[in-house]
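One-letter residues, chain by chain:
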2 protein chains.
Amino acid sequence: MGVGALIAAALLFGGSAGTAALRHGAQTSPIYGVQLPKGYRDWVLISVAQEKGRNNDIRAILGNAIAVKAFREHRRPFPDGAIIVRLAWRYQSSARNDAVFPAPQSFVAGAPTNVQVSVKDAKRYAASGGWGYGQFEGGLPNQDRALAETCFACHRKLAVTEPGADLVFTSYSP
Amino acid sequence: MGVGALIAAALLFGGSAGTAALRHGAQTSPIYGVQLPKGYRDWVLISVAQEKGRNNDIRAILGNAIAVKAFREHRRPFPDGAIIVRLAWRYQSSARNDAVFPAPQSFVAGAPTNVQVSVKDAKRYAASGGWGYGQFEGGLPNQDRALAETCFACHRKLAVTEPGADLVFTSYSP
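From a predicted model like this one, the values you see are computed outputs, not experimental measurements. (Residues numbered from 1 in each chain as written. Chains lettered and ligands numbered in written order. Predicted model: local features only at pLDDT ≥ 70, side-chain atom pairs only at ≥ 80, totals over all residues. Heavy atoms only, no water.)

1. Overview of the overall build of chain A
Inference 1: Along the backbone of chain A there are six helices and six strands.
Inference 2: Ordered by position from the N terminus, the helices and strands of chain A form the series α-α-β-β-α-β-α-β-β-β-α-α.
Inference 3: For chain A, buried positions account for 48% of its 174 residues.
Inference 4: For chain A, the computed accessible surface area is about 8,700 Å², with 58% contributed by carbon and sulfur atoms. (Helix = DSSP H or I, 4+ residues; strand = E, 2+ residues; numbered from the N terminus. Buried < 20%, exposed > 50% of the residue type's maximum accessible area, 1.4 Å probe, protein only. Areas by Shrake-Rupley, 256 points an atom, 1.4 Å probe, with all protein chains shown as cover.)

Spelled out as structure tokens, the structure:
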């Protein structure tokens, strides 16, 4: 269903159904209204990581120019406009590489799982430590409000364990 | 010892000692004469990987514009001028992140180990499948010829297991 049809449906079925239908086609995350930034896949690498457990992924953290500069200069808190994007892919053994390598040892990125975006705006996101969050799957924002709430619920814990981190887990890897 | 002192030593001790001394300060890899490309740390991410075993690292593969375009267009062989840079860091458990995460599950990039560079030039590097190689530590090329020989010795195996790969292990991760 296109945007036109969604708007038509909103007009036809009234505000409530319309809001739900339009949200299904929304380009921004719930709560925070964060968009997937244009061109983020070309941004500079901040670092890499691997999550075991339920995530079982391998990930890369990229940043826009404002974020990268702050990371490299160890500047905290991050200035407004900093955007950090975390890409993740299934963590998988590479039979292809292991056929060549001296031992079974190679793990690579499989299918993409999701992309998480953190946007710094101290005023707009004052209620969540200055950060707005969004999770994107296949280029579209996940509309689950409960999921969106887990972002700050987890990041805020860093304020206790490492007050100087400005709620950011990643460090820059040279 | 600075470059000036190295040159002075070369003049003082003659050609042979001088060559060895100057090689110690060389900016290019043995065999291939590959340099660490200027600005590579700002290049676009191709993918990530993790090596267990003796390497025990987590890694990111970046590419220059020519390489990234070829990866994204699935173009093989790579055109001349393509440069692929593999950065690696110690793979380490993050007690810092695990203190916040729901379970001990977070692994991150520790200290950098080395940077490996592959340069495509079908004519110049015809004897090694069109690729020149170099390994850099702390920004300087490792001068061990035997180490440099292991690059092509391993990559060439891909010509057997996957002839269409143009000797490149990494695939692009969207």
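2. Quick word on empty space enclosed by the protein
All names here are of chain B.
Inference 1: Scanning all chains against the criterion turns up one cavity of 30 Å³ or more.
Inference 2: Of the volumes computed, that of the largest cavity is approximately 40 Å³.
Inference 3: What lines the largest cavity is simply S29, P30, Y133, G134, Q135, N142, D144, L147, A148 and C151.
Inference 4: Taken together, the elements giving at least two residues each to the lining of the largest cavity come down to β5 (131–137) and α4 (145–155).
Inference 5: When grouped by side-chain class, the residues that make up the lining of the largest cavity number five nonpolar, four polar and one charged. (1 Å grid on protein atoms, 1.4 Å probe; cavity = no way out; pocket = protein on both sides within 12 Å on 5 of 7 lines; lining within 4 Å. Points joined across faces, edges and corners; volume = space filled by probe spheres on them. Nonpolar A, V, L, I, M, F, W, Y, C, P; charged D, E, K, R; others polar.)

3. A short note on the pairing of strand β3 (residues 83–93) of chain B
Residue and element names in this part refer to chain B.
Inference 1: For β3, the tally of buried residues reaches eight of eleven residues, placing the bulk of the element in the interior.
Inference 2: By the bridge criterion, seven bridges tie strand β2 (residues 57–63) to β3 in an arrangement that is antiparallel. Looking at β3, one finds that A60 is bridged to L87.
Inference 3: Here β3 pairs with strand β4 (residues 106–120) via nine bridges, running antiparallel. If you follow V85 over to β4, its bridge partner there is V117. (Pairing = 2+ DSSP bridges.)

4. A few points about the interface of chain B and chain A
Inference 1: Taken together, the contact pairs 41 residues of chain B with 41 residues of chain A.
Inference 2: When the two sides are added together, the surface that chain B and chain A hide from each other amounts to roughly 3,600 Å², 54% of it contributed by carbon and sulfur.
Inference 3: Remark: the boundary between chain B and chain A carries four salt bridges.
Inference 4: Among the ionic pairs, E162 of chain B bridges to R96 of chain A, the shortest N-O distance being 2.4 Å.
Inference 5: Here chain B is connected to chain A by 29 residue pairs in polar contact (both at pLDDT 80 or more).
Inference 6: Looking at the side of chain B that touches chain A, the elements with two or more residues in it are β1 (44–51), β2, β3, α3 (95–98), β4 and α5 (158–161) of chain B.
Inference 7: Top element by residues in the side of chain B that touches chain A is β1 of chain B. It accounts for eight residues.
Inference 8: When its residues are assigned to classes, the side of chain B that touches chain A shows 24 nonpolar, eight polar and nine charged.
Inference 9: In this sheet, β1 of chain B lies alongside strand β4 (residues 106–120) of chain A in antiparallel orientation, the contact comprising three bridges. (Contact = heavy atoms within 4.5 Å. Buried area = accessible area lost by both parts, 1.4 Å probe. Salt bridge = Lys/Arg side-chain N within 4 Å of Asp/Glu carboxyl O. Polar contact = N/O pair within 3.5 Å; in protein donor to acceptor, adjacent residues only side chain to side chain.)

5. Here's the deal with the pairing of β4 of chain B
Residues and elements named next belong to chain B.
Inference 1: Along β4, eleven of the 15 residues are buried, which leaves the element largely enclosed by surrounding structure.
Inference 2: By the bridge criterion, six bridges tie β4 to β5 in an arrangement that is antiparallel. Opposite Q116, over in β5, you have Q135 as the bridge partner.

6. Regarding the relation of the copies chain B and chain A
Inference 1: Under the fitted operation, chain B is carried onto chain A by 0.0 Å of movement along the axis and a turn of 180°, and the coordinates agree to an RMSD of 0.0 Å. Taken together, the rotation and translation describe the operation of a two-fold axis.
Inference 2: Counting the interface residues of chain B, we find that 100% of their copies in chain A are interface residues as well, pointing to one common contact surface. (Least-squares fit on C-alpha atoms with pLDDT ≥ 70 in both.)

7. What about the environment of A165 of chain A?
Inference 1: Its location among the elements puts A165 of chain A in the segment after α6 (158–161).
Inference 2: For A165 of chain A, a relative accessible area of 3% puts it in the buried group.
Inference 3: Sequence separation between A165 of chain A and P30 of chain A is 135 residues, and the spatial gap between their C-alpha atoms is 25 Å.
Inference 4: When near neighbours in sequence (up to four residues on either side) are disregarded, A165 of chain A contacts R76 and F78 of chain A together with R96 of chain B.

8. Describing the nonpolar core
Inference 1: Of all hydrophobic cores here, the largest spans 74 residues; its most connected members are L45 of chain A together with L45 of chain B.
Inference 2: Excluding anything up to four places from it in sequence, L45 of chain B contacts R41, L45, A60, L62 and W89 of chain A together with A60, I61, L62 and Y172 of chain B.
Inference 3: One finds V100 and F101 of chain A together with C154 and F169 of chain B within the second-largest nonpolar core, a separate group that totals five residues. (Core = buried A, V, L, I, M, F, W, Y, C linked by side-chain atoms within 4.5 Å.)

9. What to know about the side chain of S47 of chain A
Inference 1: Along the chain, the position of S47 of chain A falls in strand β1 (residues 44–51).
Inference 2: Take S47 of chain A: its relative accessible area is 4%, and that puts it in the buried class.
Inference 3: Aside from chain neighbours lying at most four places away, what touches S47 of chain A is R59, A60, I61, T170, S171 and S173 of chain A together with A109 of chain B.

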